[in-house]
Structure formats: C-alpha cells, structure tokens
Amino acid sequence: MSTENGKNSLVETQSLLEESKQPSTLNDSRGQQGVQQNADAVNNTFNLPQNYIQTDPWIYRMIVGTLTSTVLICLIGAIALQANGNKQIPELLTALGTGSLGALSGLLAPSPIKR
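Residues numbered from 1 in each chain as written. Predicted model: local features only at pLDDT ≥ 70, side-chain atom pairs only at ≥ 80, totals over all residues. Heavy atoms only, no water.

### Quick word on the side chain of Ser100
Here is step 1: Looking at where Ser100 falls in the secondary structure, it is placed in helix 5 (residues 91–108).
Here is step 2: A relative accessible area of 8% means that Ser100 is categorised as buried.
Here is step 3: For Ser100, the residues in contact, after removing those within four places along its chain, are Leu67, Thr70 and Val71. (Helix = DSSP H or I, 4+ residues; strand = E, 2+ residues; numbered from the N terminus. Buried < 20%, exposed > 50% of the residue type's maximum accessible area, 1.4 Å probe, protein only. Contact = heavy atoms within 4.5 Å.)

### Points about the packing of helix 4 (residues 57–83) against helix 5
Here is step 1: Two numbers describe how helix 4 lies on helix 5: the axes approach to 9 Å, and their chain directions differ by 145°. The two elements helix 4 and helix 5 cross, and the hand of that crossing is left-handed. Facing helix 4, whose interface residues are Tyr60, Ile63, Val64, Leu67, Thr68, Thr70, Val71, Cys74, Gly77, Ala78 and Leu81, helix 5 presents Leu93, Leu96, Gly97, Ser100, Leu101, Ala103, Leu104, Leu107 and Leu108.
Here is step 2: Tallied by class, the residues present in the contact of helix 4 with helix 5 amount to 15 nonpolar, five polar and no charged. (Axes fitted to C-alpha atoms, helices over the stretch in contact; angles between N-to-C directions. Left-handed = near helix turned anticlockwise from the far one by under 90°. Nonpolar A, V, L, I, M, F, W, Y, C, P; charged D, E, K, R; others polar.)

Structure, rendered in structure tokens:
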C-alpha cells in the first residue's frame, strides 16, 4: 500500500469523523430531507409506490407469521426438553420465546391513537 493511498484514506476517515460529530437529528430539516431522499431512492430502485411498506398487508402478515412460529417453536422445544428429563430450559430458548411473544402482542394490540 502506497503512502498516497494511506493519506487519502486517512483524510476520508477524518472527514467522516468530523461529519459524525456534527449534531444531527431527524427533526432537523436536513435530516428529514436525507431520510426522504433515501426512501425515494429505494422506492425508485425497486419501482415501489411511495408508501408501499405502510400499505402492503403481506409484510405485516409475514412478520406476524414469523413471530408466531418462533413462539411455537420455542414452546415445543421447551416441552420436548422437559419430556426428555432436562431439569432446566435454556435461557436462550426462554428469551427468544418471550421476546417474540412481546413483539407479537405489541403488533396485535390496538393503537391508542384514534383516527
């Protein structure tokens, strides 16, 4: 690696570091424009309508199905481990099951905001 390439990458890294130190929030108009530009670029790349993620029912169904299957697999796994004589259920199995159940209940609970 030549020293010229090393200097260029160092300068790029320093400029990225300086940009990351600048305060930026989503409430900032620049931040909102950047987020909107990124969303528009994704939509244009895949030829999607503007609010595809919010209006497509299949994405919601896939998420609910995945979380439900995770809960059921964890439940069946815990029952199978207990039936084989294991005294304790692994913490990972418990964490996956309860996390998925919490996410599922959060998705299926009605929104408190009235439209």
